[in-house]
Amino acid sequence: MTKLSISIIVSFLFLAYLSVVQGLNFDITKYGGTPNSDITQAFIKVWKEACASPGAAKIVIPSGKYRTSGIDAQGPCKSPIEIQVDGTIQAPSDINQCHKGIDQWIRFGTMDHLTLSGKGIFDGQGAATWKQGTAAWSKNHKVNNKVSMNMGFYFVNNSIITGITSKDSKNFHFMVYGCENITFDGVKVSAPGDSTNTDGIHLGKSTDVKILNTDIATGDDCVSLGDGSRKVLVQNVNCGPGHGISVGSLGKFQNEDNVEGLTVKSCKISDTENGVRIKTWPSGPGTLTITDMRFEDITMNNVRNPIIIDQEYCPWNQCNKKNPSKIKISKVIFKNIKGTTKAEEGVVLICSSGVPCDGVELSNVDLKFNGKPAKAVCSNVKPRVSGIAPKCEAYTPPPSG
Ligand SMILES: *[C@@H]1O[C@H](CO)[C@@H](O)[C@H](O)[C@H]1NC(C)=O
Ligand SMILES: *[C@@H]1O[C@H](CO)[C@@H](O)[C@H](O)[C@H]1NC(C)=O
């Protein structure tokens, strides 16, 4: 062999090695997904190739405006995969034009090592749906039967979502279900405070979830933990407007899983309905435990219910309160929580008369209502109090009706 052919072979092998190690780039514009067009078909093509790539693959959606009726990206993929979105992707504003049979507009399913990055915006264009939702709501307390959340992760492990924005979702912004080790870092959620059912990040049956350095402004819960949420860290999150950080509601359905291990730390909650909340239905079939909850170093700014455990959660009288909740709540610590409340009762702890709360702690809870210390009302719980903290007063249930 000549020296030249050897060096050609060597450099070819080197390039092949580089593409495996550094990853292959898949630019969606090379697959027909150009700005100002519908990228649904282009994404199907690029996903098929990238997901089959023997080395780490990176799909790039460069800056510009794009549309899609929906994306359903299913794994498993051969290698780790990154999707860098720098553009703005718009959903159809008419929910009937979103792809059918899937609860999310953009969905990722059954994969390992996904990274979703970039400065891109997923715009759900939800305004028309919220209006219909509100009308349906006032009629029969049912909202958005057609769902179309902005984005879902189903059975996705070891994955990172970073940089991107979810805007004006028609329903929940992010649904995380059946996932293990998934991190949201530096994400933004934005929708108006009066948009209906637009929870920021909802978790269900997922373990080891981190939500870090994230700003959530929306019309419903900023972060909500459904059944089977375990080992969750919410840190350095700004929430508001919205309904706060919630565990539950639980106990309405059979076969729910326990919720255990939540830390909410260094968060700022502003102009919300609730601050940190645990809610369970009375009279439900569910017998579960909610344990190991830690809410620490949190600033409340103009929040209606900064700290609330509500085991008589029963909106719009959809249940009867005759039988107490069967869900046992234990080891809940509220520590270093300060700021202002919009209601006189800054701390509301309504536990179940059937299974009272255990191991609830209030430590340095310094909340002010109109400049005066806020009150605490409690039932079926004897919180341990240390440092500054309001003393429990008896809770008087509202007249039933
Ligand atoms: C995710 O992790 C769980 C638990 O380790 C495992 O059972 C499941 O198969 C994994 N899923 C994928 C898509 O890798
Ligand atoms: C969690 O996922 C990240 C991102 O893929 C990875 O770097 C990390 O090692 C994973 N942690 C565990 C405990 O597997």
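Please read all numbers here as calculations on a predicted model, not as lab measurements.

Rules of the game
- Residues numbered from 1 in each chain as written.
- Chains lettered and ligands numbered in written order.
- Predicted model: local features only at pLDDT ≥ 70, side-chain atom pairs only at ≥ 80, totals over all residues.
- Heavy atoms only, no water.
- Phe/Tyr/Trp six-rings, centres within 6.5 Å; stacked < 30°, edge-to-face > 60°.
- Near = heavy atom within 4 Å.
- Polar contact = N/O pair within 3.5 Å; in protein donor to acceptor, adjacent residues only side chain to side chain.
- Areas by Shrake-Rupley, 256 points an atom, 1.4 Å probe, with all protein chains shown as cover.
- Nonpolar A, V, L, I, M, F, W, Y, C, P; charged D, E, K, R; others polar.
- Pairing = 2+ DSSP bridges.
- Helix = DSSP H or I, 4+ residues; strand = E, 2+ residues; numbered from the N terminus.
- Disulfide = S-S within 2.5 Å.
- Buried < 20%, exposed > 50% of the residue type's maximum accessible area, 1.4 Å probe, protein only.

Considering the packing of aromatic side chains
Ring pairs (aromatic) are described by centroid distance and by the angle formed between their planes.
Thought 1: Here the structure, examined in full by the defined rule, presents nine aromatic pairs.
Thought 2: Each member of the aromatic cluster is reached from another via a ring pair, and the members are Phe 108, Phe 153, Phe 174 and Phe 184.

Considerations on the site of ligand 2
Thought 1: With respect to spatial proximity, the complete set of residues near ligand 2 consists of His 113, Asn 158, Ile 160 and Asn 181.
Thought 2: At a separation of 2.8 Å, an oxygen atom of ligand 2 approaches a polar backbone atom of Asn 158.
Thought 3: With respect to ligand 2, the side chain of Asn 181 contributes an N or O atom lying 2.3 Å from an oxygen atom.
Thought 4: Calculation on ligand 2 without its partners gives an accessible area of 360 Å², and the protein chains cover 40% of this total.
Thought 5: Tallied by class, the residues present in the shell around ligand 2 amount to one nonpolar, three polar and no charged.

Side note on the pairing of strand S14 (residues 180–185)
Thought 1: In the sheet, strand S11 (residues 149–162) pairs with S14 via five bridges, with the strands oriented parallel. Bridge pairing links Thr 162 to Asp 185 in S14.
Thought 2: Judged from the five bridges that link them, S14 and strand S17 (residues 207–212) form a sheet pairing that is parallel. Its bridge partner being in S17, Ile 182 is matched across the sheet by Val 209.

What about the state of the cysteines?
Thought 1: Across all of its chains, the model carries four disulfides by this definition.
Thought 2: Each sulfur in the disulfide pair Cys 222 and Cys 239 lies 2.2 Å from the other. Here the disulfide of Cys 222 and Cys 239 is right-handed, its torsion about the S-S bond being about 80°. With Cys 222 in the loop between strand S18 (215–217) and strand S19 (223–225) and Cys 239 in strand S21 (residues 238–239), the pair connects residues that are 17 residues apart, well separated along the chain.
Thought 3: Judged by its relative accessible area of 0%, Cys 222 falls in the buried class.
Thought 4: The closest cysteine sulfur to the non-disulfide-bonded Cys 179 is located on Cys 77, 14 Å from its own sulfur.

Quick notes on the site of ligand 1
Thought 1: Every residue near ligand 1 is listed here: Thr 110, Met 111, Phe 155, Asn 157 and Glu 180.
Thought 2: Here an oxygen atom of ligand 1 and a side-chain polar atom of Asn 157 are 2.3 Å apart.
Thought 3: Those elements that place two or more of their residues in the shell around ligand 1 are strand S8 (104–112) and S11.
Thought 4: In terms of residue class, the shell around ligand 1 is made up of two nonpolar, two polar and one charged.

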